[in-house]
Amino acid sequence: MGEERVDIERYRSAPQRQARLLDLLRSNLFTDIQLLREHLGVSIATIRRDLSELESRGLLKRTHGGATVINQVTRDAAAAVRETSYAAEKQRIAKAAAELIVEGDAVVIDSGTTSLAVARELASNRSLTFVTNGTDVLATLVAGGARNVHFIGGEYVDINHSTGGSMACDMVRRFNVDKAILSVSSVDLNRSLLCTLLPQVGSVQQAMIDIAQTVIVVADNSKFDRTALCVIAPLSEVDYIVTDTGTVPAAEELPDDIKRKFVFA
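Here goes a summary of the coordinates provided. (Residues numbered from 1 in each chain as written. Predicted model: local features only at pLDDT ≥ 70, side-chain atom pairs only at ≥ 80, totals over all residues. Heavy atoms only, no water.)

## Notes on the sheet that holds strand E11 (residues 186-188)
Rules: When DSSP finds two or more bridges between a pair of strands, those strands are recorded as paired. Numbering of helices and strands runs from the N terminus, with a helix taken as a DSSP run of H or I at least four residues long and a strand as a DSSP run of E at least two residues long. Fitting a line to C-alpha atoms yields each axis, with helices limited to the stretch in contact; the angle taken between N-to-C directions then spans 0 to 180 degrees. Contacts are assigned to residue pairs that have any heavy atoms within 4.5 Å of one another.
Spatially, three strands are ordered E11-E12-E15 in an open sheet, and the strand pairing comes out antiparallel. Single-partner strands in this sheet number two, and they are E11 and strand E15 (230-234). Mean inter-strand twist for the sheet, computed between neighbouring axes without regard to direction, equals 30°. For E11 and strand E12 (residues 193-196), the ladder comprises three bridges, and the chain directions are antiparallel. By the bridge assignment for E12, Ser186 is matched with Cys195. The strands touched by helix H10 (residues 199-211) are E12 and E15; relative to E15, the strand with the most contacts, the crossing angle is about 15°.

Have a look at this one:
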């Protein structure tokens, strides 16, 4: 009972509650309001407000008595919500991705929340040189003790706390790095594509792929059952896809050349 009360208190925070709500929908495809109330320990009115807000962001579709997920992602949750969603999986993914980095590497890191977790793992390694367009990633690297950090300027993109657009792309292409760490909105296995929501974000990620010797995508299992508007690159341009074990069933059905890219954490 004590543990259950702790969980209920935890979900009184709107970002954490909404992240858990989305997790429940992804697990069950459809979830009714009463079940959501029981899981989250808040009122029906609060659940309805959350559902309305998440529907306005394009993250779910309300139905009679509940909600269902949307596989075509048209909008993303705020960074605070995304950072708490699949948090344990992201931590394992970050540790596995960090093992692919070696002493002296130059690493470009984008602005996704899983990439942010990787930055936390790498920040204390003073032999590394970092390039990033993420303001949260920049702050994490500096706070963690990183010595050599280059920040990419450009148009500020609030949804993922990054810089994007043509100026950012031009600045990225001035660098030549060993590794790229990329978070994405979707790993579309049906079409073998990396996808994201916004062109100004996708174009910077394309540039990061172009300048890297090795491309490492970090994505939890929720990113593999959906697609998104903007194509970043084909999976053939990726060297490693670091994900959690929840993706194993989907990966088992893939061609061998794609399956070999997967690292499970």
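Picking up after the structure, the text goes on.
## Notes on the pairing of strand E6 (residues 129-132)
Formally: Viewed with both strands pointing away, a crossover whose connecting path from the first strand over the helix to the second turns clockwise is right-handed.
Pairing geometry for strand E5 (residues 106-109) and E6, over four bridges, is parallel. Opposite Ala106, over in E6, you have Thr129 as the bridge partner. You can see the chain leave E5, run along helix H7 (residues 113-122) and come back into E6, and the turn it takes is right-handed. The sheet contact formed by E6 and strand E7 (residues 148-151) spans four bridges and is parallel. Paired with Val131 across the two strands is His150, which belongs to E7. Tracing the backbone out of E6, into helix H8 (residues 135-144) and back to the parallel element E7 gives a crossover that is right-handed.

## Points about the packing of aromatic side chains
Inclusion rule: Pairing of aromatic side chains here covers Phe, Tyr and the six-membered ring of Trp, requires ring centres within 6.5 Å, and sorts the geometry by plane angle: under 30 degrees stacked, over 60 edge-to-face, intermediate tilted. Think of it in three bands: residues with accessible area under 20% of the maximum for their type are buried, residues over 50% are exposed, and the middle band is partly exposed, with areas taken using a 1.4 Å probe on protein chains only.
What the rule picks out here adds up to two aromatic pairs. Between Phe224 and Phe262, the aromatic rings sit 6.0 Å apart at their centres with planes inclined by 40°, giving tilted as the arrangement. Of this pair, Phe224 sits in the loop between strand E13 (212-218) and strand E14 (227-228) while Phe262 sits in strand E17 (residues 262-264), and the two are 38 residues apart along the sequence. Residue class for Phe224 comes out buried when judged on its relative accessible area of 10%. The interplanar angle of 25° and the centroid separation of 5.7 Å between the aromatic rings of Phe262 and Phe264 together place this pair among those described as stacked. When its relative accessible area of 36% is taken as the criterion, Phe264 is described as partly exposed. In textbook terms, an aromatic cluster arises when at least three aromatic residues are bridged by ring pairs, as seen for Phe224, Phe262 and Phe264.

## Remarks on the pattern of salt bridges
The following threshold applies: By definition, a salt bridge exists where a carboxyl oxygen of Asp or Glu is found within 4 Å of a side-chain nitrogen of Lys or Arg.
A full pass over the atoms with the stated rule returns six salt bridges. Notably, a salt bridge pairs Glu121 with Lys95, separated by 3.5 Å at the nearest N-O pair. Separated by 26 residues along the polypeptide, Glu121 in helix H7 and Lys95 in helix H6 (residues 87-98) bring together distant segments of the chain. The exposure class assigned to Glu121 is partly exposed, which follows from its relative accessible area of 28%. The shortest N-O distance in the salt bridge between Lys259 and Asp256 comes to 4.0 Å.

## A look at the environment of Asn160
Defined as follows: In protein, a polar contact means a hydrogen-donor-capable atom and an acceptor-capable atom, both N or O and within 3.5 Å, with residues adjacent in sequence counting only if both atoms are side-chain atoms; elsewhere, any N or O pair within 3.5 Å suffices.
As for its placement among the helices and strands, Asn160 is situated in the loop between strand E8 (155-157) and strand E9 (162-164). Separated by 25 residues in the primary sequence, Asn160 and Thr135 have C-alpha atoms spaced 8.9 Å apart. Within the structure, Asn160 has its side chain in polar contact with the side chain of Ser111 (distance 3.0 Å).

## Concerning helix H4 (residues 44-56)
We count it as follows: Given a helix with a known number of residues, its expected span is that number minus one, times 1.5 Å. Here the arc refers to the set of directions running from the helix axis out to each C-beta atom.
With 13 residues, H4 ought to run about 18 Å at 1.5 Å a step, and its terminal C-alpha atoms sit 18 Å apart, in line with that. Buried residues of H4: Thr46, Ile47, Asp50, Leu51 and Leu54, and no others. Angular distribution of buried residues about the axis of H4 spans 135°; they occupy a single face of the element.

## Points about helix H3 (residues 33-40)
Looking only at H3, the buried set comprises Ile33, Leu36 and Leu40. Seen along its axis, H3 keeps its buried residues to an arc of 60°; they face one direction. For H3, the side-chain oxygen to backbone nitrogen distance between the N-cap and Gln34 is 3.1 Å, and the N-cap itself is Asp32. Positive backbone phi, approximately 70°, marks Gly41, located one or two places after H3.

## Focus: the pairing of E12
On a regular strand, one side chain projects to one face of the sheet and the next to the other, so that they alternate. Judged by which residues are buried, E12 turns out to be covered on both faces: Leu193 and Cys195 on one side and Leu194 and Thr196 on the other are all buried. Counting the residues between successive antiparallel strands, the hairpin from E11 to E12 contains four residues, one of them, Ser192, with a positive phi of roughly 55°. In terms of strand pairing, E12 meets E15 through four bridges, oriented antiparallel. Looking at the pairing, Leu194 lines up with Ala233 of E15.

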